[in-house]
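What the coordinates show
If you want the building blocks of each chain, they are given just below.
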There are 2 protein chains.
Amino acid sequence: MSTHSPRTKKSRHFQDASQDDTKRLRTRALILDTAIAVMAKNGIERTSVMEVAEQAGLSNGSFYYHFRNKTELVEAVAGAVAAALVREVDEAISGIEQGTERVALATMLFIERGLQDPTWGRLIVHALSDLGEFREQIFAGIRKDVGIGIRQGYFKTVDSPALYAMLLAIVSAAMREALVKRDDSIPAMAAQAILRVLGIDIVAAETVVTNAKKTLRKGHVWSQRPQRA
Amino acid sequence: MSTHSPRTKKSRHFQDASQDDTKRLRTRALILDTAIAVMAKNGIERTSVMEVAEQAGLSNGSFYYHFRNKTELVEAVAGAVAAALVREVDEAISGIEQGTERVALATMLFIERGLQDPTWGRLIVHALSDLGEFREQIFAGIRKDVGIGIRQGYFKTVDSPALYAMLLAIVSAAMREALVKRDDSIPAMAAQAILRVLGIDIVAAETVVTNAKKTLRKGHVWSQRPQRA
């Protein structure tokens with residue numbers, strides 16, 4: 001991978017992830033990568049199956065072997081984008097040990113990444129409203145950090161799918177509002193709401209988020225950013 | 001309205017709401033009422049525009065004057081159902097003064113009503129994922145009760161659209177999980193999460209929700225229930 005330029009890396013994200021898979025999965029990954037590139041250029045609404053197939057160098061027939069229609073394609077792209085961002089955020093905060101700060105940073109990074117690239121943002125909002133086939137991968141990120149906080153004794157909560165669904169719903173609603181309102185304070189607001197749900201009191205939640213903002217400004221996290229910027 | 005039987009009331013819900021309006025709005029309300037009845041019988045997926053038009057005694061042409069397609073109809077029905085439930089819940093808790101208990105009761109009643117009638121439940125989840133034309137009516141319910149709690153000094157939070165969007169997202173995610181899992185503990189879990197976001201500490205949030213459950217069991221609220229059961 002180190003021989004690719006950042007640009008090439010970006011456009012081959014899902015293909016790289018499946019290098020050892022069968023031809024079927026490689027073609028599927030090629031379609032997802034191509035669809036993201038076309039959607040970033042034209043917007044999600046104005047992206048046609050025909051253009052994605054053409055850009056990927058595939059016949060319509062071979063496209064429809066992988067995806068029944070545009071709805072199925074958008075769902076797969078949205079889920080793949082959300083799952084990829086969960087992995088990116090996880091790598092970005094790999095040096096952070098405290099569960100509370102991990103949750104705050106992950107929330108803010110996730111939402112801010114969606115705002116940097118509104119096509120990704122809209123796809124992620126879409127994915128979080130119906131987790132589909134990527135449900136486990138998307139749950140994994142938040143479950144890991146909440147688990148760390150529970151073991152460290154910070155979070156007073158039970159580990160349950162309904163809890164993760166509610167926390168992801170907060171992230172999704174915050175990202176949607178932030179995309180519409182262009183309000184920079186929303187990622188921190190979402191991080192505080194999530195910490196509160198997890199049982200952190202308001203004063204402590206504010207301190208954690210203030211520290212997380214400082215960490216973000218110092219550039220101690222998000223080392224992966226240039227890869228996708 | 002007192003001359004209607006409960007049954008008649010139910011099937012004319014949206015028509016009653018527009019008695020003084022023009023013919024156009026009455027026909028629109030007739031379509032919404034008919035669509036709800038057909039969806040409750042057949043499910044949302046298997047409801048066709050043709051059947052709704054036929055049951056409403058309208059030609060396809062006159063149906064399409066009001067709604068461009070099924071997607072538009074489902075969105076309007078979902079928004080109308082969610083807005084109607086907000087009004088019902090507001091009436092049901094009209095005797096409760098404490099902001100914290102109002103928020104807990106409203107959350108649990110709203111979700112439990114969705115579970116009693118899964119068609120309504122799915123329509124409400126749909127409405128909350130994209131608030132559309134009923135946004136203000138749906139926001140009004142939660143804004144009122146949160147406002148009461150802020151004025152009473154219980155809630156430590158700012159009054160902002162992003163906050164309401166996050167709280168409604170919790171309600172929506174909880175209702176979706178509860179519909180899938182048939183887990184009775186989810187409405188109370190959602191009420192606690194919402195109180196925590198609003199700045200109530202975990203011990204106090206648990207007490208409020210325990211009291212709200214007692215109030216529900218005693219039947220002190222939800223006097224409107226027979227109307228729609």
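The structure reproduced in this document is the subject of the present report.

Cut-off values and rules
Residues numbered from 1 in each chain as written. Chains lettered and ligands numbered in written order. Predicted model: local features only at pLDDT ≥ 70, side-chain atom pairs only at ≥ 80, totals over all residues. Heavy atoms only, no water. Helix = DSSP H or I, 4+ residues; strand = E, 2+ residues; numbered from the N terminus. Contact = heavy atoms within 4.5 Å. Areas by Shrake-Rupley, 256 points an atom, 1.4 Å probe, with all protein chains shown as cover. Buried area = accessible area lost by both parts, 1.4 Å probe. Salt bridge = Lys/Arg side-chain N within 4 Å of Asp/Glu carboxyl O. Polar contact = N/O pair within 3.5 Å; in protein donor to acceptor, adjacent residues only side chain to side chain. Nonpolar A, V, L, I, M, F, W, Y, C, P; charged D, E, K, R; others polar. Least-squares fit on C-alpha atoms with pLDDT ≥ 70 in both. Axes fitted to C-alpha atoms, helices over the stretch in contact; angles between N-to-C directions. Parallel < 35°, antiparallel > 145°, perpendicular 65-115°, else oblique. Left-handed = near helix turned anticlockwise from the far one by under 90°. Expected span 1.5 Å × (residues − 1). Buried < 20%, exposed > 50% of the residue type's maximum accessible area, 1.4 Å probe, protein only.

Right, let's get into the overall build of chain A. When its secondary structure is counted, chain A shows 13 helices and 0 strands. Its helices and strands taken in sequence order, chain A reads α-α-α-α-α-α-α-α-α-α-α-α-α from the N to the C terminus. Across chain A, contacts joining residues at least 24 apart in sequence account for 68% of those joining residues at least 6 apart. Carbon together with sulfur atoms contributes 51% to the accessible area of chain A, which is approximately 10,700 Å² in total.

The next subject is the interface of chain B and chain A. The interface is formed by 27 residues belonging to chain B together with 27 residues belonging to chain A. Regarding the contact of chain B and chain A, the summed buried area is about 2,000 Å², with carbon and sulfur atoms giving 68% of it. Here chain B is connected to chain A by 0 salt bridges. Taken together, the links from chain B to chain A amount to 4 residue pairs in polar contact (both at pLDDT 80 or more). The element best represented in the side of chain B that touches chain A is helix 10 (residues 161-181) of chain B, accounting for 12 residues. The class makeup of the residues in the side of chain B that touches chain A is 17 nonpolar, 3 polar and 7 charged.

One copy of the chain maps onto the other through a rotation about an axis plus a displacement along that axis. Mapping chain B onto chain A calls for a screw motion: a turn of 180° about the axis and a shift of 0.0 Å along it, with 0.0 Å RMSD after fitting. What the rotation and shift describe, once combined, is the action of a two-fold rotation axis. Interface overlap between copies is the fraction of interface residues in one copy that are interface residues in the other; for chain B against chain A it reaches 100%, indicating a shared surface.

In this section: the packing of helix 11 (residues 186-197) of chain A against helix 11 (residues 186-197) of chain B. Axis separation between helix 11 of chain A and helix 11 of chain B bottoms out at 8 Å; the angle between their running directions is 125°. The angle between helix 11 of chain A and helix 11 of chain B places the two elements in the oblique class. Note that helix 11 of chain A runs across helix 11 of chain B; the crossing there is right-handed. Of the residues in helix 11 of chain B, those in contact with A:Ala193, A:Arg196 and A:Val197 of helix 11 of chain A are B:Ala193, B:Arg196 and B:Val197. Partitioned by chemical class, the residues of the contact of helix 11 of chain A with helix 11 of chain B number 4 nonpolar, no polar and 2 charged.

Now for helix 8 (residues 118-129) of chain A. The end-to-end C-alpha distance of helix 8 of chain A is 16 Å, a good match for the 16 Å that 12 residues give at a rise of 1.5 Å each. For helix 8 of chain A, the complete set of buried residues consists of A:Thr119, A:Trp120, A:Gly121, A:Leu123, A:Ile124, A:Val125, A:Ala127 and A:Leu128.

Residues and elements named next belong to chain A. In the Ramachandran plot, Arg 182 falls in the positive-phi region, its phi being about 50° despite a non-glycine side chain. Mapped onto the elements, Arg 182 comes out in the loop between helix 10 (161-181) and helix 11. Look at Arg 182 and you get exposed, because its relative accessible area is 52%.

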